Amino acid sequence: MPPTADIGSIAAFIISVFTDPFLKQIARNPILQFGTETQPFILAQYLPVVQRDTNEIYEEITKIGTFIADDGAPLSPPQMKQTGQGMAFRGRLGHIDISAQMDAQDLRTLGRLLNQGRERSLAIEFVTQWLIRTIRLAIELKAEKQRAEALCNAIVTVTPMDAPSYTITFPNPAGHRITVPSGTTAAPTGFYSLTFDPIQNTLVPLRILLQNKGYEPIAIITSSRIAGALQVNPNVARYGAGLIALPTATGDLTFENRPLSANDAVLNGILQANGLPPIIRYDRFYPLQGGGQARLFPDDKLLIIGASGRAQPLEIPDDQGRIVRRELINNTLGYYGEGISLGEVEPGLVITVKASDLKPRSVYAEGYREGFPVFLDHEAVAVVTVPELVAA
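This section reports on the structure supplied with the text.

Reading guide: rules and limits
Residues numbered from 1 in each chain as written. Predicted model: local features only at pLDDT ≥ 70, side-chain atom pairs only at ≥ 80, totals over all residues. Heavy atoms only, no water. Helix = DSSP H or I, 4+ residues; strand = E, 2+ residues; numbered from the N terminus. Buried < 20%, exposed > 50% of the residue type's maximum accessible area, 1.4 Å probe, protein only. Contact = heavy atoms within 4.5 Å. Areas by Shrake-Rupley, 256 points an atom, 1.4 Å probe, with all protein chains shown as cover. Phe/Tyr/Trp six-rings, centres within 6.5 Å; stacked < 30°, edge-to-face > 60°. Lys NZ or Arg CZ within 6 Å of the ring centre and 35° of its normal. Core = buried A, V, L, I, M, F, W, Y, C linked by side-chain atoms within 4.5 Å.

As for the overall build of the protein chain
Secondary structure assignment for the protein chain yields eight helices and 20 strands. Per-residue burial for the protein chain yields a buried fraction of 44% across its 392 residues. When contacts within the protein chain are restricted to residue pairs at least 6 apart in sequence, those whose partners lie at least 24 apart make up 73%. When the accessible area of the protein chain is evaluated, it comes to approximately 20800 Å², of which 54% is carbon and sulfur surface.

Below you can see the structure in the form of structure tokens.
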């Protein structure tokens, strides 16, 4: 086995490479707020990170819309249109933080890469990916969890390390969040019932509710459990009934209308035929400190998102921090506010890293952010709660 660099060499490497400008590129790369290709943060596109120069948030909540022009006269001034009527939103960004220590295997890998001088670039990439995985994406995971709570529940629970939990509530318009009971395994109801029609009784009425308020549905996000319950519901399957050729006893063919199995493609076709967007399954889990795991998006929620008309610019930098591309994120529902941490002079997530020769010798990192979701378009979402079947 190749020898590894000692902790002194590792410390010198960390100090020389992972300077403040380098760490800021990792901490503030806007692309990472959306997760990775294999593990995306789906809700980030609806509440993207927006930096603020204060931790106190004040927003005038208004509906974005297009007003109709008036008949006028060539010599008269045009009538001024109000941009919308709303209410004030005030809040303070919360503090999120995490620290991590490189485990023995990663430390040995880094040491071996540094011991071979030609592998220095690989060592830089190795530590960079470790910081992204253990610090940056952990902070973004928390942000996504808060987005899910805000959109699905209109409530975000904050649990400080040494203080009681408390909740932050958002407006919850009447009729936008409903519960469809599931019953028991012996007597299923709702989405699990043989007689209940989730399309006619639940999804289309919510589509109409959003449309009547000016929001065209553009996304349905839910768990595989709820998507599966829709697939096996016989009243959903009959929407996909097709003409099936069946052989008779004499060898001839007869044709019958038979319900099709509502797989993902069939189910999404049924939804689109009823003016609804296709389903996006969101089943990501994250590990818990004491063992086990938890869901990022609730298992019992079906979230319908309407087009808000809002747009948020996104500036994409290169490896040197220069802006190389600008895009618009359309139909956002607000934003995820990112403020200024204590001791900093500008907004943004902060990451620090160092190597220590104190026992246990290792590489340590920490990250923190002043952040919280600012959910502004409360009438642009509808949520269905579908509890699990209770064992009879």
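Here we look at the environment of Pro287
Here Pro287 is to be found in strand β12 (residues 285-287). Residues in contact with Pro287, not counting those within four places in the same chain, are Gly292 and Gln293.

A word on the packing of aromatic side chains
All chains considered together, the criterion is met by six aromatic pairs. Ring centres of Phe18 and Phe22 lie 5.0 Å apart, and the angle between their planes is 75 degrees; this geometry places the pair in the edge-to-face category. With a relative accessible area of 24%, Phe22 lands in the partly exposed category. Their ring planes at 25 degrees and their centres at 5.7 Å tell us that Tyr282 and Phe297 sit as a pair that is stacked. A residue pair is termed long-range when its members are at least 10 positions apart, and Tyr282 in the loop between β11 (279-281) and β12 and Phe297 in the loop between β13 (293-295) and β14 (301-306) qualify at 15 residues. This pair shows no difference in class: Tyr282 is buried, exactly as Phe297 is. Among the aromatic residues, those joined into a ring-pair cluster are Phe13, Phe18 and Phe22. It is Arg52 that lies over the ring of Tyr335; its NZ or CZ is 4.6 Å from the centre.

Focus: the nonpolar core
Core analysis: the largest hydrophobic core is formed by 96 residues, its most contacted members being Phe18, Leu131 and Val363. With 14 residues, the single largest contributor to this core is helix α4 (residues 120-153).

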